[in-house]
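# Understanding the architecture of this molecule
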Amino acid sequence: METRTLGRTGLKVSALGFGCGAVGGLMVRGEPADQRRAVARAIELGINYFDTAPQYGDGASERNLGRVLSELTVTADIFVGTKIRVSPGDYDRLEQVIPEGLEASLKRLGRESVDLFQLHNAIAPESSDEALSLRAVFSEVVPALERLRTQGKTQFFGITAVGDTAALQQVIDAQAFDTAQVSYNMLNPSAGAAVPAGYPAQDYGDLIGRAQAAGMGVINIRVLAGGALSGSEARHPIASPPPAPIGSGHDYGIDVQRARRLAPLIEQGFADDLAEASLRFSIANPGVSTVLIGMARIEELEHAAAAVSKGPLSADALRQLAALQNGFVGEAR
Ligand SMILES: NC(=O)c1ccc[n+]([C@@H]2O[C@H](COP(=O)([O-])OP(=O)(O)OC[C@H]3O[C@@H](n4cnc5c(N)ncnc54)[C@H](OP(=O)(O)O)[C@@H]3O)[C@@H](O)[C@H]2O)c1
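Values in this document were obtained by computation on a predicted structure and should not be read as measured data.

### Comments concerning the environment of Gln118
Relative to the assigned elements, Gln118 resides in strand S6 (residues 114–119). Gln118 sits 42 residues away from Thr160 along the chain, and the two C-alpha atoms are 6.9 Å apart. Dropping the residues within four chain positions of it, Gln118 is found in contact with Gly81, Lys83, Phe157, Gly158, Ile159, Thr160, Thr179 and Gln181.

So, in structure tokens, the structure goes:
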């Protein structure tokens with residue numbers, strides 16, 4: 001498995017990371033034996049970054065990941081990242097709830113510390129139900145995270161790069177965080193390249209390039225647009241219902257329809273299927289440190305690892321993809 005440097009953390013992370021989220025569902029609703037098999041296989045494949053959060057199954061993902069890692073005899077260096085999502089009712093006591101949140105996560109994970117602790121809230125100029133304001137991020141979140149680092153509870157800290165693009169750019173440029181989880185995929189490539197005016201997605205304004213320039217590690221999320229980039233509406237029984245898109249189309253159905261319009265990539269032999277093309281698209285961006293895959297079944301992990309082992313999409317494939325994406329310009333989001 002190829003490894004890449006996670007920005008200024010200096011950690012050498014596998015190009016493919018393991019998503020323990022609720023969308024794929026394996027680490028939330030899967031059978032314990034399947035979870036154990038998948039994590040063991042991931043480690044065998046050289047995957048070393050595991051991404052979880054309290055929101056994934058109301059603590060279930062953290063508990064399951066912690067249990068599996070303690071059951072396995074792991075000799076490789078494994079990095080674990082978790083998150084904190086602050087509820088609006090707690091916005092006025094960030095300095096208390098952030099350390100409390102990490103303490104609760106550590107308890108569920110059965111660890112003394114994590115490698116990476118990330119803000120899960122969106123970021124915007126002003127606070128809202130979903131987003132924390134720039135003021136809160138700079139004046140309260142960062143100092144609280146710095147204290148946790150000094151206490152040895154987390155080695156590094158990061159953001160989730162969702163919310164208002166200009167606000168995210170400000171946070172990235174300030175170099176206050178070590179990493180960013182960035183939504184980047186074949187339906188919305190704007191975090192990695194300029195898109196034409198009228199492109200039907202949130203314009204993430206080259207967040208990957210900016211993060212790279214700021215020395216941050218980039219963790220690519222939503223590589224399959226929550227599953228839509230498989231080109232199929234079908235969901236595995238333990239997967240979540242179709243998730244709300246992050247930065248791509250207005251709803252999951254629109255994302256699936258657009259994904260199907262990328263089929264010429266497969267017909268022309270650039271990749272065996274859309275899931276493979278999606279992963280190879282992401283790793284073609286050198287600013288991406290690791291690409292997380294959400295999975296319901298171990299077969300999806302195997303498929304993703306095989307895709308990454310084929311390397312980035314070719315320049316011809318990327319040109320064909322850009323031409324197909326141009327066909328979306330002017331459509332409603
Ligand atoms: N910080 C944040 O706010 C944030 C947000 C989103 C994600 N994340 C992180 O990123 C990880 C991955 O993102 P995600 O789970 O949202 O979405 P994703 O990886 O874009 O999509 C996951 C879905 O793709 C489908 N899939 C996986 N492999 C496949 C394959 N080989 N062929 C066809 N379909 C396949 C699965 O659906 P079916 O099996 O049901 O078809 C699964 O539900 C999460 O686990 C989490 O760690 C973080």
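Moving on from the model shown.
### Brief notes about the site of the ligand
Of all residues adjacent to the ligand, which total 29 residues, the nearest are Gly19, Gly21, Ala239, Gly294 and Glu300. Elements that contribute at least two residues to the shell around the ligand include exactly strand S12 (290–294) and helix H11 (298–309). Tallying contributions element by element places S12 first for the shell around the ligand, with 3 residues. Of the residues belonging to the shell around the ligand, the class tally is 13 nonpolar, 12 polar and 4 charged.

### Notes on the sheet that holds strand S11 (residues 217–221)
Strand order around the closed barrel formed by 8 strands is S3-S4-S5-S6-S9-S10-S11-S12, with parallel pairing between neighbours. Between one strand and the next, the sheet's axes are offset by a mean angle of 30°, whatever the strand orientation. Pairing of strand S10 (residues 179–183) with S11 involves 5 bridges; the strand directions are parallel. Its bridge partner lying in S11, Ala180 is registered against Val218.

### What about unusual backbone geometry?
One non-glycine residue with positive phi stands out, namely Asp58, at about 50°. Relative to the assigned elements, Asp58 resides in the loop between strand S4 (49–51) and helix H3 (60–71). Its 11 C-beta neighbours within 10 Å are what place Asp58 among the exposed residues. Look at Asp206: it is not a glycine, yet its phi comes out positive at around 55°. Turning to its location among the elements, Asp206 is positioned in the loop between S10 and helix H7 (207–213).

Parameters and conventions
Every chain begins its residue count from 1, and numbering advances along the sequence as written. Local features in this predicted model are restricted to residues whose pLDDT is 70 or higher, and side-chain atom pairs enter the listing and the counts only when it is 80 or higher, whereas totals over whole chains, interfaces and linings include all residues. Only DSSP runs of H or I with at least four residues qualify as helices, and only runs of E with at least two residues qualify as strands; both kinds are numbered from the N terminus onward. The contact rule is simple: place each C-beta atom from the backbone, and if two of them lie within 7 Å, those residues are in contact. Proximity of a residue to a molecule or strand is defined by its backbone-placed C-beta atom lying within 6 Å of that partner. Residues are grouped as follows: Ala, Val, Leu, Ile, Met, Phe, Trp, Tyr, Cys and Pro are nonpolar; Asp, Glu, Lys and Arg are charged; every other residue, Gly included, is polar. Two strands form a pair only when DSSP identifies at least two bridges running between them. Only the contacting stretch of a helix is used when fitting its axis, a line to C-alpha atoms as for every element, and angles between N-to-C directions run 0 to 180 degrees. Any residue with 12 or fewer other C-beta atoms within 10 Å of its own C-beta is exposed, any with 20 or more is buried, and the rest are partly exposed; the C-beta atoms used are placed from the backbone.

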